Amino acid sequence: METRDSDYLADKVADLILQADRVVVFTGAGVSTESGIPDFRSPGGIWSRYDPDEFTIQKFLSSPESRKKHWQMLTEGGLLAGAEPNPAHYAIAELEKLGNLDCVITQNVDNLHQKAGNSPDKVFELHGNMRWVRCLSCDKLFPIEDILQRLELKKEDVPDCEICHGILKPDAVFFGEALPQKTLNDAIYRSRNCDFFIVIGSTLVVYPAAYMPMYAKESGAKLVIINLSSTPMDSQATVLIRGKAGEAMAEIMEKVRSKLSA
Ligand code: APR
């Protein structure tokens, strides 16, 4: 495992990217903190301000009071702010132009990979997304912007369906909910069949998402981890970059560009 100065490490990762046939990028909330969206487990993150045990699907369905807490956490927690992609997202979008990016597997629900330019069909959202809110009775989908406007304009605490007054739930996966099965199966298959797997901004403690880098490693892929704090997979990384995603990914893609033009 290489842990030396950032220039050397960026150069090594750039070589690994250019040598790879099938690259999988795996991201967590840490790839979006430089876009102003808080992560969950850093100091000051969402779970230091809200109790995760309160945010299960069972609690959400149990009472309007609990749903009010969910909507407050989503709005005040900064998870719904109109964030913009940061240099890490743009670097991952640029990676796709090399032609060997198999997919981006993300735990995030912020749509920033797509907004930065990654093809939607190459982005596997394991935990759903916040772009849509679904009525649990009539299954109608509403854009999150419409719901936020209602929350803002009418000072509603808990929006309900305009059509049938059913319960509205963001299309993100809550604790206690199953992950979208096809997306999960695709992500497992891609993780098992890539030759280079790069983790960016995740503590790798939430399953089954955190199995993905294990599947890649078991299948012989090279593993790179870019993360500000330690993860359970650090000792298995071919290259470990303890740094900020935006800076590291920008430096890596700079190295890739210069190697391609040499
Ligand atoms: N650059 C690099 N790493 C960063 C940055 C950054 N700018 N900002 C934060 N990090 C790191 C943190 O040190 C932390 O280890 O990103 C990691 C984010 O970890 P978590 O907050 O645990 O987020 P994540 O791993 O995505 O959580 C997985 O848990 O609560 C659920 O559903 C939620 O999808 C989420 C899942």
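Okay, so let's go over this structure. Residue indices begin from 1 for each chain and proceed along its sequence in written order. Restriction of local features to residues with pLDDT of at least 70 applies here, the model being predicted, together with a cutoff of 80 or more for giving and counting side-chain atom pairs; totals for whole chains, interfaces and linings are based on all residues. Side-chain measures were taken over the full set of non-hydrogen atoms in the model, leaving aside hydrogen atoms and water.

**Some thoughts on the pairing of strand S7 (residues 196-200)**
Across the five residues that make up S7, a large majority, five, are buried. Residues Phe196, Ile198 and Ile200 line one face of S7 and the alternating positions Phe197 and Val199 line the opposite face, and both faces are buried. One requirement defines pairing of two strands: DSSP has to find at least two bridges between them. The secondary structure listing takes helices from DSSP runs of H or I that are at least 4 residues long and strands from runs of E that are at least 2 residues long, numbered from the N terminus. Pairing between strand S1 (residues 23-27) and S7: five bridges, direction parallel. What sits directly across from valine 23, in S7, is phenylalanine 196. Two elements, S7 and strand S8 (residues 222-226), share five bridges in a ladder whose sense is parallel. Looking across to S8, one finds that phenylalanine 196 is bridged to lysine 222. With strands facing away from the observer, any crossover in which the path from the first strand over the helix to the second runs clockwise is taken as right-handed. Regarding topology, helix H9 (residues 212-218) serves as the crossover connection from S7 to the parallel S8, and that connection is right-handed. Per-residue accessibility, obtained with a 1.4 Å probe over protein chains only, is compared with the maximum for each type, and a residue is labelled buried under 20%, exposed over 50%, and partly exposed between these values.

**Things to note about the pattern of salt bridges**
By convention in these notes, a salt bridge is any Lys or Arg side-chain nitrogen within 4 Å of a carboxyl oxygen on Asp or Glu. Evaluation of the coordinates by the stated rule reveals 19 salt bridges. Residue lysine 259 pairs with aspartate 15 through a salt bridge whose shortest N-O separation is 2.9 Å. Linking lysine 259 in helix H10 (residues 245-261) with aspartate 15 in helix H1 (residues 6-19), this pair joins segments that are 244 residues apart in sequence. With relative accessibility at 27%, the residue lysine 259 sits in the partly exposed group.

**Some details on the site of the ligand**
By convention in these notes, a residue is near a molecule or strand provided one of its non-hydrogen atoms lies within 4 Å of it. Around the ligand sit 23 residues, and of these Glu34, Arg41, Ser202, Thr203 and Ser229 come closest. Whenever two N or O atoms come within 3.5 Å, that pair is a polar contact, provided that in protein one can donate a hydrogen and the other can accept it, and provided that, for residues adjacent in sequence, both atoms are side-chain atoms. Contact between the ligand and threonine 33: a nitrogen atom at 2.9 Å from a side-chain N or O atom of the residue. Phenylalanine 40 is positioned such that a nitrogen or oxygen atom in its backbone is 2.7 Å from an oxygen atom of the ligand. Contact with the protein chains covers 95% of the free accessible surface of the ligand, which is 730 Å². A 1.4 Å probe and the Shrake-Rupley method give the accessible areas. Residues count as covered only by the protein chains that appear here.

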